[in-house]
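# Descriptive structure summary
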Amino acid sequence: MNKEELWQATLAQLQFKTSPANFATWLKNTYILDNKDGLLTVSVPNNFSKEWLENKYNKTIFHIIKELNDEVKEIKYMVEKTAGKAKEAAPRHAQPSPPERQLGFPELDADQTTNLNQKYTFENFIVGPFNELAHAAALATVKNPGGPGNPLFVYGGVGLGKTHLLQATGNQIIQNTPGKKVKYITSEYFTSSVVSAIRNRTVETLREKFRELDALIIDDIQFLAGKEKTQEELFHTFNTLYQAGKQVIFSSDRHPKAIPALEERLRSRFEGGMVADVSMPDYETRLAILRTKLQEKGVFMENDVLDYIASHIQRNIRELEGALNRLITSSQVVGKMPALQEAKTLLRSIISNPNKAANPRKIIQVVAEFYDLKEKEIIADSRKKEVVRPRQIAMYLLREELKGSYPFIGKKFGGKDHTTAIYACEKIHKELQESEMLVDEISLIKQRIYSG
Ligand code: ADP
Ligand code: MG
């Protein structure tokens, strides 16, 4: 058995011991570089693969290889500069799958009682440095629902996999213990249930409904900002479930500390268990996600097209999928997959120069919405703390993202003096060095500016 055959045989077995998503993420583009004197060196495309394989898979890999070649005593993983490009999977022919699978409407497929959609699983959830923590926290929850990590709070920007992870967690809890009562709801659903229960004097019935659950999942909790009655009801529901050892899972687009108009007692509950973020995937992971999605759909796409998509869509996994679907739909009409040039044309509306998307109006709008303020409030003269800080952040973004001059920025904020703009930008700039939370907050705001 030569090096290639040995690795192929190893991969073939590893495939059964890892999820397809992890397989695609960590084992693509790996091969045996050298096998000498009992030391086998595996080339891996990047440091994350290296770390992951060393820490999580080394034992399994060693076991498999040992069976195949008894002389191997040790395995080393090495990052080679050109490794990423060296080995690409052999091209397969275009084989479009039925359109209903690609364009599936999640809401329609969801279970009527749990609101869980089977399409969200851990198997098809790609793990990379950007979401590793949230993934691990979700797995811990599955392993021990209602355990020390209760509640689980996952936060991060739009289209980065929060709903997928929450749904996968719910699905897996039921799969592990059939009969467990799990319910997934959005925070809007919770709000409207509370409002109508108050109106119809059926609050008690509503409480009963939630209290009998083993796990309650509430998505996009940031929308509860400022809704006092709903927050109060959530507080009681949470306490009842929590005290009974039932699991509660939340998601939000930001850290609990950064949700405006949230009751302190709720905030401290949110922070009382595991808080984990999902950030933006790196290039390798974006490519792995594209490849996995293609594999799921049984479609082949040229590497240069995939590279184009992965390098241009950086902030949102939903958009990555959107780009793939657009090309696939087009290929079904035309009868073949578009090559790079055509792909560029087809994707023009999705992939535009990001700097074109930002303008002063948009920045102010997004910042105001983010902090639950009116645009007018940000622009006006208020010296209230809740307004001053968002205003400074908006000024900072006008400077950083648009390279606006200080007098220009002052003018955009109701004709303020340029010294006010300078002060704001310097203050935020300085704070960014010290506060990781502010870094997160601003990156979320930017993501919204460029994705909307
Ligand atoms: P969010 O709730 O954070 O806005 P979603 O969970 O709706 O994001 O994810 C958007 C889309 O991207 C979904 O179709 C989801 O399946 C997909 N997706 C997100 N993260 C991943 C991942 N890590 N691996 C595979 N697919 C993902
Ligand atoms: Mg979501």
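In this text the structure is predicted, and so the values were computed from the model without any measurement.

### Observations regarding the site of ligand 1
In the vicinity of ligand 1, 17 residues are found, and the nearest of them are Ile126, Gly159, His164, Arg318 and Glu321. Within the side chain of Thr163, a nitrogen or oxygen atom sits 2.8 Å from an oxygen atom of ligand 1. Between Arg318 and ligand 1, the recorded distance is 2.7 Å, taken from a side-chain N or O atom to an oxygen atom. Here ligand 1 loses 94% of its free accessible area of 550 Å² to cover by the protein chains. Mapped onto the shell around ligand 1, the elements with two or more residues apiece are helix H8 (162-176) and helix H15 (317-334). A class-by-class count of the residues in the shell around ligand 1 yields six nonpolar, seven polar and four charged.

### Some points on the domain arrangement of the protein
When cut into domains, the protein gives domain 1 (3-104), domain 2 (132-278), domain 3 (283-351) and domain 4 (356-451). For domain 2 and domain 4, the distance between their C-alpha centroids amounts to 31 Å. Taken residue by residue, the interface counts twelve residues in domain 2 and nine residues in domain 4. Interface area, domain 2 with domain 4, both sides summed: about 830 Å², of which 56% is carbon and sulfur. Ranking the residues of domain 2 by area buried against domain 4 places Val158, Asp253 and Arg254 at the top, with a combined share of 43%. Counting the contacts that link domain 2 with domain 4 gives one salt bridge. Note that Asp253 and Arg448 form a salt bridge whose closest N and O atoms lie 2.1 Å from each other. The interface formed by domain 2 and domain 4 contains two residue pairs in polar contact (both at pLDDT 80 or more).

Thresholds applied
Residues numbered from 1 in each chain as written. Chains lettered and ligands numbered in written order. Predicted model: local features only at pLDDT ≥ 70, side-chain atom pairs only at ≥ 80, totals over all residues. Heavy atoms only, no water. Near = heavy atom within 4 Å. Polar contact = N/O pair within 3.5 Å; in protein donor to acceptor, adjacent residues only side chain to side chain. Areas by Shrake-Rupley, 256 points an atom, 1.4 Å probe, with all protein chains shown as cover. Helix = DSSP H or I, 4+ residues; strand = E, 2+ residues; numbered from the N terminus. Nonpolar A, V, L, I, M, F, W, Y, C, P; charged D, E, K, R; others polar. Domains from an automatic or database assignment. Contact = heavy atoms within 4.5 Å. Buried area = accessible area lost by both parts, 1.4 Å probe. Salt bridge = Lys/Arg side-chain N within 4 Å of Asp/Glu carboxyl O.

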